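# An overview of the molecular structure
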Amino acid sequence: MRQSGIYAIASKDIVFESFDGEAVVLDLTTGKYFGFSDSGSRLWDALSSGVPASELVGATTGIGALDAAAIDGFVSQLLEFGLLAAVSDGVARPAPSELLAQLAAAREPLKVDIHDDLADLIVVDPIHEVEEPLGWPAVKQAN
């Protein structure tokens, strides 16, 4: 089961920010961005900071306790999308009590939404992708 592992952000091209308690994760290589439900945002915060998924099994939310299957499915999606990677030598961190309190207030089931409507704009990096003969901005070529 995936929920027993420790995870970290998969690469330096995965960046995230929380807005009003909701995490938004951006993959700079594909231009896709991901939004989570309120419970998903709390799990993202925990998992991306080294809290083992197994420690979150049974955590209380506003709609019931999180079971292993729901967490396993959520983690599977994060791995599939390349947002998290398993860490074999990671140090497990306990879930902060503040995070558990926020999770208890969550009212939505675990969910990941994928958005690619801005992908073309995101992969054009006008600050870092300047090449003298080409001008500005230079568009990254697909690998």
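Above this note sits the structure.
Report follows, based on the coordinates. (Residues numbered from 1 in each chain as written. Predicted model: local features only at pLDDT ≥ 70, side-chain atom pairs only at ≥ 80, totals over all residues. Heavy atoms only, no water.)

Bringing the nonpolar core into the picture now. Grouped together as the largest cluster of nonpolar side chains are 25 residues, with contacts concentrated most on Phe36, Trp44, Leu47, Leu56, Leu78 and Leu83. For this core, the elements supplying multiple residues, two or more each, are strand 3 (22-27), strand 4 (33-36), helix 1 (38-48), helix 2 (68-80) and helix 3 (97-105). Setting aside anything within four residues of it in sequence, one finds Leu78 in contact with Phe36, Trp44, Leu47, Leu83, Leu84 and Val112. (Core = buried A, V, L, I, M, F, W, Y, C linked by side-chain atoms within 4.5 Å. Buried < 20%, exposed > 50% of the residue type's maximum accessible area, 1.4 Å probe, protein only. Helix = DSSP H or I, 4+ residues; strand = E, 2+ residues; numbered from the N terminus. Contact = heavy atoms within 4.5 Å.)

The subject of this paragraph is the sheet that holds strand 4. Read from one edge to the other, the open sheet built from four strands follows the order 2-3-4-8, with strand pairing classed as antiparallel. In the strand order of this sheet, the two ends are held by strand 2 (14-19) and strand 8 (112-115), each with one partner. Taken over all neighbouring pairs, the strand axes of this sheet differ in orientation by 20° on average, direction set aside. Sheet topology note: the strand 2/strand 3 ladder contains six bridges and is antiparallel. Each bridged residue has a counterpart across the sheet, and for Ile14 the counterpart in strand 3 is Asp27. Contacting strand 2, strand 3 and strand 4, helix 1 runs over the sheet at an angle of about 60° to strand 3. (Pairing = 2+ DSSP bridges. Axes fitted to C-alpha atoms, helices over the stretch in contact; angles between N-to-C directions.)

Take the pattern of salt bridges next. If you walk through the whole model with that rule in mind, you get three salt bridges. One salt bridge connects Asp13 with Lys12, and the closest N-O pair in it is separated by 3.9 Å. Notably, a salt bridge pairs Asp45 with Arg42, separated by 2.9 Å at the nearest N-O pair. Linking Asp45 with Arg42, this pair stays in helix 1, spanning three residues, or about one helical turn. Judged by relative accessible area, which is 8%, Arg42 ranks as buried. (Salt bridge = Lys/Arg side-chain N within 4 Å of Asp/Glu carboxyl O.)

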